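# Structural features, examined
As a plain string of letters, each chain reads:
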Amino acid sequence: MEQPQLFARSDRPKSVVSVGSLRFGESFIVIAGPCSVESERQLLDTAWMVKEAGADALRGGAFKPRTSPYSFQGLGLAGLKILEKARRETGLPVVTEVLDPRDVPWVSEFADVLQIGARNIQNFSLLKEAGKGSRPVLLKRGMNSTLEEWLNSAEYILSGGNPGVILCERGIRTFEVYTRNTLDISAVPAIRELSHLPIIVDPAHGTGRASLIEPMSLAAAAAGSDGLLIEAQVHPEEALSDRPQTLPPELFRNLVRKVRAVRECWERLQ
Ligand code: PEP
Ligand code: MN
């Protein structure tokens, strides 16, 4: 028997994943915020900053998947409560990562979009649990996943009954060490050929270097990305995680202005 491929393009039109009034897959969506939620002040000031710069949604990790167990692990529930407050005050929908399948139901009460990170792309119990719910899922590409493996991870969520999957290219591990990962921009048009799912790009984890984020964002928009995930905060020099790739307000504002211009141009050319 031929297996279904719910992710596949076949003759399906492009999917639109709605998050409040945002429509992933239709308009270009910018998600921005700190790597980790660290304090109420940091997050609220950052939420207003990214909103004023033109972001559509707020990101921030309350559960952090850190390489070392001694690194900052996130504020957990306290962080989610801060995100909730920022959403209430700014109106920005919130994207936050979930690490453990047992946390999916209750974290879903705080998040508008659940993020499943690169390290969890083949955590099948987590994918299945996210598939049972109705919260849209932002599914990062694993640092060593092929497009097929990534799409099969999406299939776990779709086949569980949750149609709200947004794919996010965040770089893969190669022999290059100058950049933190190698951002695979070709994944954007490739995914558009293979799948109807929205695809966005995360040039922050993709490069690990603040100076490379704007050019790679422009490249992503020109390649047909449905949006961006950017790490930015009011005082990046104080960030407890991913400091070298966190943009300060001025650079973030310029990035949004330029990327919207490239996107407009791309739309005109379609
Ligand atoms: C993040 O978005 O902060 C993160 C940990 O991303 P990734 O899973 O892509 O490393
Ligand atoms: Mn990060």
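Please refer to the structure higher up on the page.
Just so we're clear, the structure is a prediction, and the values are computed from it rather than from any experiment.

The next thing to look at is the packing of helix 1 (residues 40-53) against helix 9 (residues 249-269). At their nearest, the axes of helix 1 and helix 9 sit 9 Å apart, and the two run at 30° to each other. Compared by their axis directions, helix 1 and helix 9 come out roughly parallel. Crossing of helix 1 over helix 9 shows right-handed handedness. Taking contact as the criterion, the partners of M49, V50 and A53 in helix 1 are, on helix 9, P249, F252, R253 and V256. Residue composition of the contact of helix 1 with helix 9, by class: six nonpolar, no polar and one charged.

A word on the site of ligand 1. Ligand 1 sits among 13 residues. The nearest are R59, A118, R119, K140 and R170. Taking K64, its side chain carries an N or O atom lying 2.9 Å from an oxygen atom of ligand 1. Measuring from an oxygen atom of ligand 1, one finds a side-chain N or O atom of Q115 at 2.9 Å. Across the shell around ligand 1, the residue classes break down as three nonpolar, three polar and seven charged.

It is worth spelling out helix 1 at this point. Residues separated by three or four positions in an α-helix point in the same direction, a consequence of the helix having 3.6 residues per turn. The end-to-end C-alpha distance of helix 1, which contains 14 residues, comes to 20 Å, matching closely the 20 Å that a straight helix rising 1.5 Å per residue would cover. Within helix 1, burial applies to Q42, L43, L44, T46, A47, M49, V50 and A53. If you follow the buried residues of helix 1, they end up packed against strand 3 (29-33), strand 4 (57-59), helix 2 (77-90) and helix 9. Among the residues trailing helix 1, G54 stands out with phi positive, at a value near 110°.

Rules behind the numbers
Counting of residues starts from 1 at the beginning of each chain's written sequence and follows it residue by residue. Note on labels: chains are lettered from A, ligands numbered from 1, in written order. Residues qualify for local features only when their pLDDT is at least 70, as the model is predicted, and side-chain atom pairs are given and counted only at 80 or more; totals for whole chains, interfaces and linings, by contrast, use all residues. Just so you know, side-chain values use all the structure's heavy atoms and leave hydrogens and water out. Note on geometry: axes are C-alpha line fits, over the in-contact stretch for helices, and angles between N-to-C directions span 0 to 180 degrees. Working definition: helices are DSSP H or I runs of at least four residues, strands are E runs of at least two. Numbering for both runs from the N terminus. Oblique is the label for every angle not falling under 35 degrees (roughly parallel), over 145 degrees (roughly antiparallel), or within 65 to 115 degrees (roughly perpendicular). Note: crossing handedness is left-handed where the near helix turns anticlockwise from the far helix by less than a right angle, and right-handed where it turns clockwise. Contact definition: two residues touch when any of their heavy atoms are within 4.5 Å. Amino acid classes used here: Ala, Val, Leu, Ile, Met, Phe, Trp, Tyr, Cys and Pro are nonpolar; Asp, Glu, Lys and Arg are charged; the rest, including Gly, are polar. When we say a residue is near a molecule or strand, we mean one of its heavy atoms is within 4 Å of it. Definition of a polar contact: a pair of N or O atoms within 3.5 Å, with one able to donate and the other able to accept a hydrogen when the atoms are protein atoms, and with sequence-neighbouring residues admitted only if both atoms are side-chain atoms. Here a helix's expected span is defined as the number of its residues, less one, multiplied by 1.5 Å. A 1.4 Å probe rolled over the protein chains alone gives each residue an accessible area, and that area as a share of the maximum for its type sets the label: buried under 20%, exposed over 50%, partly exposed in between.

Interpretation in functional terms is not warranted from these geometric data alone.
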